[in-house]
Amino acid sequence: MRRMSRPGLAVAVVLLLVLAGAYTAVWFVVAGRIEDGVVQWAQSVRAQNLDVSWQKLGVGGFPFAFRIEMADARLQAHASVPAVEAQIKRLSASAYPWNFRVWRLDAPAGINAVAGPANAPLARLTAVTARGSVSAPSDGGASIWVGLDDFGAEAGQHATAHQASLWVILPPHPPKSHTEPSVGVALDLQELTLPAVPAPFHNPVDEIAFGTTLMGAVPSAAPRRAAEVWRDDGGTLELDHFTLKWSTLGIRGSGTMALDTNLQPTGAFSGTVSGFNELLTALVAAGRMRANDAGLARLAIGMMAKPGPDGRPEISSSFTIQDGEMFLGPAKLGKIPPLHWE
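Just so it is clear, the model here is predicted, and its values are computed rather than measured.

Engineer: Can you walk me through the overall build of the protein chain in this structure?
Structural biologist: In terms of helices and strands, the protein chain carries four helices and 18 strands. A compact globule built from 342 residues should have a C-alpha radius of gyration of about 20 Å, whereas the protein chain, at 26 Å, is more than 25% larger. Of all 342 residues assigned to the protein chain, the portion counted as buried reaches 31%. Excluding contacts between residues fewer than 6 apart, the proportion of contacts in the protein chain whose partners are at least 24 apart in sequence is 48%.

Below, the structure is given as structure tokens:
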């Protein structure tokens, strides 16, 4: 094998140095433009009554990434009712130079958000640490994921979760009919602790997860009017999946929900339920079902039950909501809390 001559080696080294210098210059130019772009974006959203501020802003990550770093970031949404303010002690967003359509987010010091006046907030959300990602494909739309550790929510009552994951899927274009999606949302909560639970259950809920897709356009209007237009256009809420694991209770299902003429939920779902005895006991303890009705429901459900994968009795049945009542197969479970639009 021929060795490269000294002049050839010198040329190669010089060429590499030139390329490295050019890349370094380009990297710092792009980094400056990214920083300027963040400042311009923060100024532009003020037209939507959004105030984004920070104590320190910089771009790092050289040479193989671009990483936007903020210290003491604050987002204030003045136009929302109630007003919302979020504070993030440290926030970074990073992307590779060859793919600016995917950004990874990290808030190692957590998030603190409040809704309403700062001295008397109506709701508060906190997380010890947070992370996420934003993907914006070339054909439009976006996919957003946020993961929260030791998540807490307070609005009169306090609930916590060891881990919370939220996904939001935005389609490439707004829906033109009720057959096209408006937005997709999924949530997964692990070890959820509720302020109060009915007997025989106890905290925490092992897991509750669901994925939904809102079909049809929702107009910009007052809640009642927006719901009426969405309903009249044939809008539906597709429950793509639902999972609940709580002690011996296990529920899996999917289905479709809509609004009836009184703007109350109506829907049909199918899936499997195990641990239904505990569910009926809890409904009675919560005052959602009479003891006599629960006894009849046990008989009806028991006739349908078959051993599941783990050997426990399990039923494959429908769950329906109609005229304000909930039904598991033929068994009436009680009334569903009404929706108030005012």
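Engineer: Quick question: what am I supposed to make of the pairing of strand β14 (residues 265–274) here?
Structural biologist: Within a regular strand, the side chains alternate between the two sheet faces. Taken together, the 10 bridges between strand β13 (residues 249–259) and β14 define a ladder with antiparallel strand orientation. Residue pairing across strands places I251 opposite V273, the latter belonging to β14. The sheet contact formed by β14 and strand β16 (residues 313–322) spans eight bridges and is antiparallel. Following the sheet pairing, V273 is matched in β16 by I315.

Engineer: In this structure, what is going on with the pattern of salt bridges? I would like to understand it.
Structural biologist: Applying the stated criterion across every chain, the model contains nine salt bridges. A salt bridge links K245 to E207, with the nearest nitrogen and oxygen atoms 3.8 Å apart. One end of the pair, K245, is in strand β12 (residues 236–246); the other, E207, is in strand β11 (residues 205–215), with 38 residues separating them in the sequence. Looking at K245, the relative accessible area reads 45%, which means it is partly exposed.

Engineer: How do you make sense of helix α4 (residues 291–304) when you look at a structure like this?
Structural biologist: Within an α-helix, residues lying three or four positions from one another point in the same direction, as the helix has 3.6 residues per turn. A rise of 1.5 Å per residue sets the reference length of α4, with its 14 residues, at 20 Å; its end C-alpha atoms lie 20 Å apart and thus fit the reference within 8%. Turning to α4, its buried residues are A294, A297 and I301. An end-on view of α4 places all buried positions within 60° of arc, on one side of the element. Along α4, the residues that are exposed and aim more than 90 degrees away from the buried face are N292, L296, L299 and M303. Elements that come into contact with the buried residues of α4 comprise α3 (276–285), β16, β17 (325–328) and β18 (331–335).

Engineer: What is the right way to read the side chain of Q264 from this model?
Structural biologist: Structurally, the position occupied by Q264 is in the loop between β13 and β14. By relative accessible area, which is 18% here, Q264 ends up buried. Discounting chain neighbours no more than four positions away, the residues touching Q264 are A258, L259, P338, L339 and W341.

Engineer: Looking at this structure, how should I read unusual backbone geometry?
Structural biologist: One can expect most non-glycine residues to show negative phi and most peptide bonds to be in trans. Of the consecutive residues F62 and P63, the connecting peptide bond is found in the cis state with omega at 10°. Looking at the secondary structure, you find P63 in the loop between β2 (56–60) and β3 (66–77). A cis amide bond links N203 with the next residue in sequence, P204, at an omega value of -5°. The residue P204 is located in the loop between β10 (181–193) and β11 in this model. The residue S247 is not glycine, and still its phi comes out positive at about 55°. Relative to the helices and strands, S247 is located in the loop between β12 and β13.

Engineer: Would you take a moment to explain the environment of L279 for this structure?
Structural biologist: Assignment of secondary structure puts L279 in helix α3. On the accessibility criterion, L279 (19% relative accessible area) is buried. The spatial distance from the C-alpha of L279 to the C-alpha of A199 is 9.3 Å, given a sequence separation of 80 residues. The residues touching L279, leaving out its near neighbours within four places in the chain, are F201 and L249.

Engineer: Even after reading the chapter, I still don't get the packing of α3 against α4, so can you show me in this structure?
Structural biologist: Relative placement of two packed helices is described by the angle separating their axes and the distance separating the axes. Packing of α3 against α4 leaves a shortest axis separation of 10 Å and a crossing angle of 165°. Relative to α4, the element α3 lies roughly antiparallel. Here α3 and α4 pass one another in a crossing that is right-handed. Residues F276, N277, L280, T281 and V284 of α3 pack against A291, A294, A297, R298 and I301 of α4. Of the residues belonging to the contact of α3 with α4, the class tally is seven nonpolar, two polar and one charged.

Engineer: I would appreciate a short explanation of the nonpolar core in the present structure.
Structural biologist: Considering soluble globular proteins, one finds that nonpolar side chains tend to be buried as a cluster. Grouped together as the largest cluster of nonpolar side chains are 31 residues, with contacts concentrated most on L249, V273, L280, M289, I301 and L333. It is α3 that provides the largest number of residues to this core, a total of five residues. Core analysis: the next-biggest nonpolar cluster, separate from the first, contains 13 residues, W27, A31, A93 and A95 among them.

Engineer: Explain the pairing of strand β6 (residues 111–115) to me, please; I cannot follow it from the model alone.
Structural biologist: In the sheet, strand β4 (residues 84–96) pairs with β6 via five bridges, with the strands oriented antiparallel. Looking at β6, one finds that A86 is bridged to A113. Strand direction decides the pairing type here: β6 and strand β7 (residues 123–135), joined by five bridges, are antiparallel. Across the sheet, V114 pairs through a bridge with R124, a residue of β7.

The rules we used
Residues numbered from 1 in each chain as written. Predicted model: local features only at pLDDT ≥ 70, side-chain atom pairs only at ≥ 80, totals over all residues. Heavy atoms only, no water. Helix = DSSP H or I, 4+ residues; strand = E, 2+ residues; numbered from the N terminus. Rg over C-alpha atoms; globule rule 2.2 N^0.38 Å. Buried < 20%, exposed > 50% of the residue type's maximum accessible area, 1.4 Å probe, protein only. Contact = heavy atoms within 4.5 Å. Pairing = 2+ DSSP bridges. Salt bridge = Lys/Arg side-chain N within 4 Å of Asp/Glu carboxyl O. Expected span 1.5 Å × (residues − 1). Arc of directions from axis to C-beta. Axes fitted to C-alpha atoms, helices over the stretch in contact; angles between N-to-C directions. Parallel < 35°, antiparallel > 145°, perpendicular 65-115°, else oblique. Left-handed = near helix turned anticlockwise from the far one by under 90°. Nonpolar A, V, L, I, M, F, W, Y, C, P; charged D, E, K, R; others polar. Core = buried A, V, L, I, M, F, W, Y, C linked by side-chain atoms within 4.5 Å.

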